[in-house]
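Listed here are the chains, written in short residue letters.
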Amino acid sequence: MNLSMILISAILVNNAVLIKSESVCPLIGASGSDRSAAAMSLTVLFTTLTAQAIIWPIHYYVIEPFQLHYLETISTVLVVAGLVQAEELLFSSRWPALRSELGIYLPLTAANGAILSVLSENLTDGNSFADSMAYALGTGLAFCLAMFLFRCIRMKLLYSDIPESFRGPASSMIAAAILALVFMGFSGLIEGLFGMGM
Amino acid sequence: MNRKSKREIFLNGLLYENPLLISALGICSALSMTSKTADAFWAGLTVLFTLVCTNVFLSALKRVIPAQVRIPCSMLIIATFVTVGQLLSKAYLPSMDQSLSDYLPLITANCIILGRGEIFACRNSIVNSAVDGFGCGCGYLAALLATAMLREILGSGTLLGLRVLSTNLDPVPLFIMVPGGLFVIGILMALLKKLLSLSKPVSQNAICSSCPASPHCPRVGKGGCTR
């Protein structure tokens, strides 16, 4: 698979958030303001890329030669959680206001489905380092794109007269449903662009 | 927080802070677990088990774990109990394990468990944390069942595998896909919020009295403009 195909597939066709329904929670929870949406997107992008860059050598130079496959999941979870902990310390010391705005959703990045699944998929498919990094970058960008679109919709929702009980997460979920419906329209894009079946 | 009775903590987890429908946590795993009602039930039970055990452990260890390594430690405890749940279901529910094997590892990535640990268990007593885990687990289970029943009836015309819609009515497959799941959860969120607001008297929002637009604002007395 060439790299551009991996990127387009991860960002548009198999968007981790809107098609594979991973990490919808930070999308709903952190899209309250521009600052928190941007911070959350960058956190996810950074964590995915760094974790992938750390996990790949660990897997192929430590776990594989010594037959330590039972440590695979635990090492993945620990690397991601360690990174998130470091980010949390950085945020609390440098940008305490942003840290309290993100609230529970910053530590929850450690349990972000998109990050964990891209790491484990890359290992089970035996992807090369470049392919793995491209897939990780694509997934991170997919989250950023979903967050950007969703933040724009939230801005519109903020100024519209929504029925009392639909305010808050309920209207966000329905907006996310329509956005997910839109992204289903991208299926078949790979076949059209690259002329082959996936 | 410690003054609250056990009943209040339980009801808080079940209704007022329902993890899925009010706090909007665990949406990701809820979407993938709720296309069939039976799967949703067993997956919800496993979440309940993991949530209670993890809350108890995190609460018991809250003075031992240094703040700088709290998240990795929590994730390890969660992953341990998810594995225990997986092994238990393999041993005692081999028939269910076939269809659940895709979802169970996902529970590690379920933000409710880490979320309740961060919100509640790290600053409350062991018994209260257990009650909170039980309440939230039951709330999540109930929300999963409601979502799954709606999605299964609308999406495949069946309930627990039995046909309930007349054969003349075509089911809408969209409802067992991601957008349909988000839509159903959104509607249920609004419904629960409406029911909870019916049971509580509407209180005048304190901000409205100082707001310059309050004489002409339609939202005065309806909770104000804060979301």
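Residues numbered from 1 in each chain as written. Chains lettered and ligands numbered in written order. Predicted model: local features only at pLDDT ≥ 70, side-chain atom pairs only at ≥ 80, totals over all residues. Heavy atoms only, no water.

Re the state of the cysteines
Within this structure, the stated rule accounts for zero disulfides over all chains. Cysteine C152 of chain A remains unbridged, with the sulfur of C144 of chain A as its closest cysteine sulfur at 13 Å. (Disulfide = S-S within 2.5 Å.)

Quick look at the interface of chain A and chain B
At the interface, 43 residues of chain A touch 42 residues of chain B. Across the chain A to chain B interface the summed buried area is about 3500 Å²; carbon plus sulfur atoms make up 74%. At the junction of chain A and chain B, the tally comes to one salt bridge. R70 of chain B is the salt-bridge partner of E88 of chain A, the closest N and O atoms lying 3.6 Å from each other. Taken together, the residues of the side of chain A that touches chain B sort by class into 30 nonpolar, seven polar and six charged. (Contact = heavy atoms within 4.5 Å. Buried area = accessible area lost by both parts, 1.4 Å probe. Salt bridge = Lys/Arg side-chain N within 4 Å of Asp/Glu carboxyl O. Nonpolar A, V, L, I, M, F, W, Y, C, P; charged D, E, K, R; others polar.)

Section: the packing of helix α4 (residues 72–94) of chain A against helix α6 (residues 113–124) of chain A
Residues and elements named next belong to chain A. Closest axis-to-axis distance for the α4/α6 pair is 11 Å, and the angle between their directions is 140°. The angle between the axes of α4 and α6 places the two elements in the oblique class. Crossing hand, α4 versus α6: right-handed. Side by side, α4 and α6 meet where E72, T76 and V80 of the first sit next to I115, L116, L119 and L123 of the second. Across the contact of α4 with α6, the residue classes tally to five nonpolar, one polar and one charged. (Axes fitted to C-alpha atoms, helices over the stretch in contact; angles between N-to-C directions. Helix = DSSP H or I, 4+ residues; strand = E, 2+ residues; numbered from the N terminus. Parallel < 35°, antiparallel > 145°, perpendicular 65-115°, else oblique. Left-handed = near helix turned anticlockwise from the far one by under 90°.)

Comments concerning the packing of aromatic side chains
The tally for this structure, following the rule as stated, stands at eight aromatic pairs over all chains. Through pairs of rings, three or more aromatic residues link up here, namely W56, Y60 and F129 of chain A. (Phe/Tyr/Trp six-rings, centres within 6.5 Å; stacked < 30°, edge-to-face > 60°.)

Description of the nonpolar core
M40 of chain A together with L20, L21, I27, M75, L182 and I185 of chain B are the most contacted members of the largest nonpolar core, which has 91 residues in total. If one sorts the elements of this core by residue count, helix α8 (residues 178–199) of chain B sits on top with nine residues. If we ignore the near neighbours within four places in the chain, the residues touching L21 of chain B are A143, I185, L188, M189 and L192 of chain B. In terms of nonpolar packing, the next biggest core, distinct from the first, is built from five residues, C53, L58, F81 and A121 of chain B among them. (Core = buried A, V, L, I, M, F, W, Y, C linked by side-chain atoms within 4.5 Å. Buried < 20%, exposed > 50% of the residue type's maximum accessible area, 1.4 Å probe, protein only.)

Section: unusual backbone geometry
All names here are of chain A. Phi at S23 takes a positive value of approximately 50°, unusual for a residue other than glycine. Relative to the assigned elements, S23 resides in the loop between α1 (3–13) and α2 (24–29). For Q67, which is not glycine, the phi torsion reads 55° and is therefore positive. Looking at the element boundaries, Q67 is found in the loop between α3 (34–63) and α4.

Take it as geometry only, folks, not as evidence of what the structure does.
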